[in-house]
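What follows is each chain in one-letter form.
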Amino acid sequence: MTRLFSLSLIATLVLSLLGCGGEQQDELVIYSGRSKALVDPLLEQYEGEVNVEVRYGSDAELLAALQEEGDQSPADVFWANTTGALGNAVNNDLLTELPDELMEQSARFAPTNQRWLPVTTRFRVLAYNSDTVRPEDLPDSVLDLPEHEEFEGRIGWTPAYSSFQDFVTALRVTEGEETARTWLTDMQALNPNSYSSNTPMIQALDAGEIDVGLTNHYYVLRLRYGDAKVDDEGSIDPEASVATHPFQEEDIGNLALVTGAGVLQTSDQSEAAREFLRFLMSDEAQSFAAETLNEYPLRPGAEVPEYMMPVDEALALSPDFDFERLQEMDPTLDLLRDVGAL
Amino acid sequence: MTGARVLDTIRDRWYVAIPVAVAVGGVLIPLVYLLLRAFQADPATLWDLVVRGRTLRLLGNTVGLTVGVLVGTSVLALPLAWLTTRTALPGRRLLTLLGVLPLAVPGYVMAYALMATTGEYGTLAQTLGLVVPRLSGYVGAWMALSLSTFPYLFLNLRTAFLGLDSSLEESAQALGRGRWRVFVQVVLPQLRPAFLSGGLLVALHVLGDFGVVSLMRYDTFSYALYIQYAASYDRIYAACLALMLLVLTGAILLLEARLLKGLLFHRTESGAGRTAAQYRLGPWRWAGYAFAAGVAGLSVLLPAGTVGYWMADSTASGLPWASLGAALWDSVSASAPAAVLAALLALPVAYLGVRHPSNWTRVVERVAYLGYATPPLAFALALIVFSLGAVPFAYQTLGLLVMAYALHFMAEAVGPVRSALYQAPPHLEEAARSLGRSPLGAFVSVTFPLVRRGLLVSMAFVFLSAMKELPLTFLLAPIGFETLALNTWSYAEEAMFGQAAPYALTIMFVSALFVGVLLLRERATEHPASAERA
């Protein structure tokens, strides 16, 4: 009995080692920091044409894995949620330079080093509970938020989350270290609730645990419209009592945050990898981003659904900012640690 | 012992030596990796990062939560274990199953369920008009972790209760002690190894938990560690924090070893062991049912109901059957072999510790626990480095993932086997040897049947954990491998709870099925003298 058991176990192990060993030569391997839940339908369309394998993980996990794998990495494409992760990949010399023809498709946020391609953008917003808060009571600038003492203990933020840290980096770079420090300290005095990521924060907002929260625009749209958004767009009934409050034009609180992708140095399929990047800028992929993910497409002339703010208007709200400076994470982390938010 | 004699022993006992070497080596790889990475740190920055008030607060929070959860799980597990083993309560087997099922619920699902139930807009408020504050912080983390980890203690205690020789109790009663005093003075002390091994797992689970504490917004060490990896893409300072966590684990292991020292619970006199008479609870049985129902309601029905509600909430777009089937196959094909492998690795490790107690074997046994306490992300990164360097053909194969699960979760398998071994008398094996059996033959024919129950529990633990596992799977699975847990997490993280629900329910259902089958096997293997109890 035991012998049979051990034998079958060993056989299973050997078979699984042999059966799944090695990467097939012609397949395109994508390391995707973008979650499976979001991009799987899009990739399924692409898989019809090309042999694609995807490893999902967080940006940070995949970056760490890429670095430990070194030149033995099977990956061809790194597709990330944040400019920070892409910048870090550039600094560690993981990505190759992309041809002009590709970079031109997404000129607005393109990095000068041409190592990664901006694909979509999201915006920072102030989300509020529409049952308990009137939008006219909300500040015009994110810098004035700490003055609203009525929100003491009722503000949510995500200090450990990359998009919030990107916002703090931008705040630090544009308004100066001292303003950033004062803003953080004043916010801390309001005793905000720290969430690990945006999803639980938006849930808490909807559940009345907090009144306002600093988040990204699409989390609110997804919770507010849920699956209804695929129906007739004119007559959507909001499913949740959360709404977004944009700050005034060019306010740092409306910062645009770019997602993007790059081709890895280790790739043995660099032409197929570049082809995938082209696909990400195609009509098909860009309208998928707008309609299903509620992100803003970066291909010029692309449209968004009616319930979203039009592209030009949204882009006009965001401040002019050198996005490559989002790589300067370390001073931001030090600052967040200093004020006790991390 | 001289070197030559050690070599001889190793050659004769290869069936112990090889698994022990694999287990110890596998667990030490991540440790070496962490040390290598930590040495790359810039000492000044490291000092600033480590020596600050926050570190002390994290330490306080972590220890506080661990102690709280240990108390919480004991309060849940001890009465339930007693009810299902020492009473004649009808439906004990169902209660046992309900006491194991919380292990099938991923911690973050439990946390989401508790948060969705409480608060001004929670289910309680909407259905019963009962407004309790929305759970968060210490209380929230304490509740979610106690409810999802008490089965570790429950199953260990249950195995111990079943193996107790009741003649001691009977003697105590014959000498005039009342039932309560017998329980406190005779039974409880005998449960100590089970308490220790179950409690150790609970404690290590709390130390390593990320899902619950992050959702409940309670700062602990592992939360800070995760932030370090995620926020600054930093493997080096994260390695330092991971080592600090391992030092804390080391302290707990030392404490457990001290408390365990010198315990002997097997029968020594001649004659057959007696199994305990079962208490008839009479009208008190309703109290027993009420307690069990309360525990099961909170720990199983609440999360299952919440997930069911998510499911109903999603549109009638139909279930993604193809994807569910593929994910189910991926999950089971990694978790089931890992469960068997972990139990096979744990058996010789526990055997050495119990039968040949020495400083050396105690260290071996404790090393198994270090693997469990190593943050899974660091564990995975270490195995990437190791496999690419030493066995590149194995990288991103199912075999490597199975090995990683088995090494990481081996600690869960050691406890039940160890408890069972403590109760298996060594002189039976010695008698078999004097009758001419080889050491291996004696073990297989005499001791193995006695520890089978422990082995089954071991496999159940590892299987259930592997079904929920995330970080190792993310980084080590064959590419394109998508388990149920990966799908559940991915959809829940994007607030697409409707889509997450079918995957979460499948985890719970398959785990329940697996545990059910194991419990049936346990019934078949219970030894004949005790068959009347079944």
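Quantities reported herein were computed from a predicted structural model and do not represent experimental measurements.

What counts, and where the lines are drawn
- Residues numbered from 1 in each chain as written.
- Chains lettered and ligands numbered in written order.
- Predicted model: local features only at pLDDT ≥ 70, side-chain atom pairs only at ≥ 80, totals over all residues.
- Helix = DSSP H or I, 4+ residues; strand = E, 2+ residues; numbered from the N terminus.
- Buried ≥ 20, exposed ≤ 12 C-beta atoms within 10 Å, placed from the backbone.
- Contact = placed C-beta atoms within 7 Å.
- Rg over C-alpha atoms; globule rule 2.2 N^0.38 Å.
- Core = buried A, V, L, I, M, F, W, Y, C linked by C-beta atoms within 7 Å.
- Domains from an automatic or database assignment.
- Nonpolar A, V, L, I, M, F, W, Y, C, P; charged D, E, K, R; others polar.
- Axes fitted to C-alpha atoms, helices over the stretch in contact; angles between N-to-C directions.
- Parallel < 35°, antiparallel > 145°, perpendicular 65-115°, else oblique.
- Pairing = 2+ DSSP bridges.
- Left-handed = near helix turned anticlockwise from the far one by under 90°.
- pLDDT = per-residue confidence, 0-100.
- Expected span 1.5 Å × (residues − 1).

**Focus on the overall build of chain A**
Working step 1: Scanning chain A from N- to C-terminus turns up 13 helices and 10 strands.
Working step 2: By residue count, 51% of the 342 residues in chain A fall in the buried class.
Working step 3: When contacts within chain A are restricted to residue pairs at least 6 apart in sequence, those whose partners lie at least 24 apart make up 74%.

**Brief notes about the overall build of chain B**
Working step 1: In terms of helices and strands, chain B carries 24 helices and 0 strands.
Working step 2: Relative to its length of 534 residues, chain B is compact, with a C-alpha radius of gyration of 23 Å against a globular reference of 24 Å.
Working step 3: Dimensions of chain B along its principal axes, counting C-alpha atoms only, are 65 × 60 × 50 Å.
Working step 4: Expressed as a percentage of the 534 residues in chain B, the buried residues total 53%.
Working step 5: Partitioning the contacts of chain B with sequence separation of at least 6, the portion at a separation of at least 24 is 81%.

**Details of the environment of Leu143 of chain A**
Residue and element names in this part refer to chain A.
Working step 1: Within the secondary structure, Leu143 sits in the loop between strand S4 (117-129) and strand S5 (155-157).
Working step 2: In this structure Leu143 comes out as partly exposed when scored by C-beta crowding, with 19 C-beta atoms within 10 Å.
Working step 3: On a C-alpha basis, the gap between Leu143 and Glu313 in space is 21 Å, while along the polypeptide they are 170 residues apart.

**Points about the nonpolar core**
A general trend in soluble globular proteins is that nonpolar side chains are found buried together.
Working step 1: Ranked by internal contacts, the top residues of the largest apolar core, which has 274 residues, are Phe78 of chain A together with Ala342 and Met410 of chain B.
Working step 2: With 18 residues, the single largest contributor to this core is helix H19 (residues 398-423) of chain B.
Working step 3: Each of two domains, domain 1 (7-121 + 256-309) and domain 2 (122-253 + 328-338) of chain A, supplies a minimum of three residues to this core.
Working step 4: Beyond its immediate stretch of four places on either side in the chain, Phe78 of chain A contacts Tyr31, Leu62, Leu66, Ala89, Leu94, Leu95, Ala261, Gly262 and Leu264 of chain A.

**Some thoughts on the interface of chain A and chain B**
Working step 1: On the chain B side, the residues contacting the 51 residues of chain A number 46 residues.
Working step 2: If one sorts the elements of the side of chain A that touches chain B by residue count, helix H3 (residues 59-69) of chain A sits on top with 7 residues.
Working step 3: Grouping the constituent residues of the side of chain A that touches chain B by class yields 24 nonpolar, 18 polar and 9 charged.

**Side note on the domain arrangement of chain A**
Residue and element names in this part refer to chain A.
Working step 1: Parsing chain A into structural domains produces domain 1 (7-121 + 256-309) and domain 2 (122-253 + 328-338).
Working step 2: Contact with domain 1, which involves 14 residues of that partner, is made by 16 residues of domain 2.
Working step 3: Residue composition of the side of domain 1 that touches domain 2, by class: 7 nonpolar, 4 polar and 3 charged.

**Some thoughts on the packing of helix H16 (residues 321-355) of chain B against helix H23 (residues 484-493) of chain B**
All names here are of chain B.
Working step 1: Relative orientation of the contacting elements H16 and H23 amounts to 125 degrees, with a least axis distance of 7 Å. The orientation of H16 with respect to H23, classified from their angle, is oblique. Across from Ala327, Leu328 and Ser331 in H16, the residues of H23 making contact are Leu484, Ala485 and Asn487.
Working step 2: Class assignment for the residues of the contact of H16 with H23 results in 4 nonpolar, 2 polar and no charged.

**Observations regarding unusual backbone geometry**
Working step 1: Although it is not a glycine, Asn191 of chain A sits at a positive phi angle of roughly 55 degrees.
Working step 2: Structurally, Asn191 of chain A is set in the loop between helix H7 (177-189) and strand S6 (193-194).
Working step 3: At Gln396 of chain B, a residue that is not glycine, the phi angle is positive and equals roughly 55 degrees.

**Observations concerning the pairing of strand S3 (residues 77-80) of chain A**
All names here are of chain A.
Working step 1: The two faces of S3 match: Val77 and Trp79 on one face and Phe78 and Ala80 on the other face are all buried.
Working step 2: Pairing of strand S1 (residues 28-32) with S3 involves 3 bridges; the strand directions are parallel. If you follow Tyr31 over to S3, its bridge partner there is Phe78.
Working step 3: Pairing between S3 and strand S9 (residues 256-263): 4 bridges, direction antiparallel. The partner of Ala80 across the bridge, within S9, is Gly260.

**What to know about the packing of H3 of chain A against helix H18 (residues 376-390) of chain B**
Working step 1: For the pair H3 of chain A and H18 of chain B, the least separation of the axes is 9 Å and the interaxial angle reads 25 degrees. By the criterion of interaxial angle, the relationship of H3 of chain A to H18 of chain B is roughly parallel. Classified by chirality, the crossing of H18 of chain B by H3 of chain A is right-handed. Contact residues: H3 of chain A offers Glu61, Ala64, Ala65, Glu68 and Glu69 of chain A, while H18 of chain B offers Leu377, Leu381, Ile384, Val385 and Leu388 of chain B.
Working step 2: Of the residues contributing to the contact of H3 of chain A with H18 of chain B, the split by class is 7 nonpolar, no polar and 3 charged.

**Examining the confidence of the model for chain A**
Low pLDDT marks stretches whose predicted atomic positions should not be read closely.
Residue and element names in this part refer to chain A.
Working step 1: With 89% of its residues at a pLDDT of at least 70, chain A reaches an overall mean of 86.
Working step 2: Element-level pLDDT for chain A is lowest in helix H1 (residues 2-19), with a mean of 52, against a maximum mean of 96 in S3.
Working step 3: In this model residues 17-23 is a low-confidence stretch, pLDDT under 50, and it forms 11 contacts with partners more than four residues away in sequence or in other chains.
Working step 4: Residue range residues 229-235 is modelled with pLDDT below 50. Its contacts to residues more than four positions away, or to other chains, number 8 contacts.

**What about H18 of chain B?**
Counting along an α-helix, one turn takes 3.6 residues, and residues three or four places apart therefore face a common direction.
Residues and elements named next belong to chain B.
Working step 1: Taking 1.5 Å per residue, 15 residues should reach 21 Å; H18 reaches 20 Å between its end C-alpha atoms and fits that length.
Working step 2: Of all 15 residues in H18, 11 are buried; the element is thus mostly enclosed.
Working step 3: Within the span of H18, buried status applies to Pro376, Leu377, Ala378, Phe379, Ala380, Leu381, Ala382, Leu383, Ile384, Phe386 and Ser387.

**Looking at the pairing of strand S8 (residues 242-245) of chain A**
Moving residue by residue along a regular strand, the side chains alternate between the two faces of the sheet.
Residue and element names in this part refer to chain A.
Working step 1: The two faces of S8 differ: Val242 and Thr244 on one face are buried, but Ala243 and His245 on the other face are not.
Working step 2: Of the pairings in the sheet, the one linking S4 to S8 comprises 4 bridges and is antiparallel in character. Bridge pairing in S8 places Ala127 opposite Thr244.

**Overview of the confidence of the model for chain B**
Working step 1: Averaged over every residue, the pLDDT of chain B is 83; residues scoring 70 or more account for 91%.
Working step 2: Interface confidence for the predicted complex, expressed as ipTM, amounts to 0.80; the pTM equals 0.85.

**A look at the environment of Pro111 of chain A**
All names here are of chain A.
Working step 1: With respect to the secondary-structure elements, Pro111 resides in the loop between helix H5 (100-103) and S4.
Working step 2: Taking the C-alpha atoms as reference points, Pro111 and Thr83, 28 residues apart in sequence, are found 9.7 Å from one another.
Working step 3: Among residues more than four places away in sequence, those in contact with Pro111 are Trp116 and Glu324.

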